[in-house]
Amino acid sequence: MSGAAEQRTRPSGNRPAKVSLFFAGFGVAALANFGTGIAWINPPVFVGLAILSALAAIIAGHVGRFRGRRLDGDGRGMARWESSWAGC
């Protein structure tokens, strides 16, 4: 198989986007339980799960953005991420 054909059939390598989509889907699923009625037993648990999932999706997406900058040759992306944690 030629290199061009392998390149077209290769699955996407954007793992942070896949992880972010997974967490976003889990948050939607947590809120969808209100439609079934099971979430009405203890609503704060399901709303809390949806909020935590949304935060995890946002963080995963931002990590992917900084990783993409670093891989594209802009070394400032990770330096900014690491320097923001330096004061902790």
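Please read these numbers as outputs of a predicted model, since none were measured by experiment.

Draft legend 1. Quick peek at the overall build of the chain. For the chain, the count of helices and strands is four helices and zero strands. Its helices and strands taken in sequence order, the chain reads α-α-α-α from the N to the C terminus. Looking at the chain as a whole, 17% of its 88 residues are labelled buried. Pairs at least 24 residues apart make up 37% of the contacts formed inside the chain by residues separated by at least 6 positions. Accessible area of the chain: about 6,600 Å², with a carbon and sulfur share of 67%.

Draft legend 2. Up close: the packing of aromatic side chains. The tally for this structure, following the rule as stated, stands at two aromatic pairs. A ring pair is formed by F34 and W40, whose centres lie 4.8 Å apart and whose planes are at 75°; its orientation type is edge-to-face.

Draft legend 3. The arrangement of the environment of S20 in detail. Among the structural elements, S20 can be located in helix 2 (residues 15-36). Ignoring sequence-local partners within four residues, the contact set of S20 consists of A57, A60 and G61.

Draft legend 4. Region of interest: helix 2. In this model, helix 2 (22 residues) spans 32 Å end to end at C-alpha, consistent with the 32 Å of a helix rising 1.5 Å per residue. Every buried residue belonging to helix 2 is among P16, S20, G27, A30 and F34, and all of these are buried. Where helix 2 terminates, the next one or two residues include G37, which has phi positive at roughly 100°.

Draft legend 5. Molecular detail of a nonpolar patch on the surface. Taken together, the side chains of L31, V47, I51, L52, L55 and I58 present a nonpolar region at the surface, about 540 Å² in accessible area. With five residues, helix 3 (residues 43-71) is the largest single contributor of residues to the nonpolar patch. With respect to the helices and strands, the residue L31 is situated in helix 2. Since its relative accessible area comes to 43%, L31 is described here as partly exposed.

Draft legend 6. Examining the environment of S53 more closely. Mapped onto the secondary structure, S53 falls in helix 3. Between the C-alpha atom of S53 and that of A24, which follows or precedes it by 29 residues, the distance is 6.2 Å. Setting aside chain neighbours within four positions, we find S53 in contact with F23, F26 and G27.

What counts and how
- Within each chain, residues carry numbers counting from 1 in the order of the written sequence.
- Since the coordinates come from a predicted model, pLDDT governs what is reported: local features require at least 70, and pairs of side-chain atoms require 80 or more to be given and counted, while whole-chain, interface and lining totals use all residues.
- Calculated side-chain values reflect all of the structure's heavy atoms, with hydrogen atoms and water omitted.
- Numbering of helices and strands starts at the N terminus; helices are DSSP runs of H or I of at least 4 residues and strands are runs of E of at least 2.
- Each residue's exposure class comes from its accessible area (1.4 Å probe, protein chains only) as a fraction of the maximum for that residue type: buried when under 20%, exposed when over 50%, partly exposed otherwise.
- Here, two residues are considered to be in contact whenever any of their heavy atoms come within 4.5 Å of each other.
- Only the protein chains shown count as covering a residue, and every accessible area follows the Shrake-Rupley method with a 1.4 Å probe.
- In this analysis, rings of Phe, Tyr and Trp, with Trp reduced to its six-membered ring, are considered paired at centre separations within 6.5 Å, and the interplanar angle assigns stacked below 30 degrees, edge-to-face beyond 60, and tilted for intermediate values.
- In this scheme, a helix's expected span is set at 1.5 Å multiplied by one less than its residue total.
- Patch members must show over 30% relative accessible area and no salt bridge, and they are joined within 9 Å when carrying like charges or within 5 Å when they are nonpolar side chains of Val, Leu, Ile, Met, Phe, Trp or Tyr.
- Salt bridges are defined as contacts in which a side-chain nitrogen from Lys or Arg sits within 4 Å of a carboxyl oxygen from Asp or Glu.

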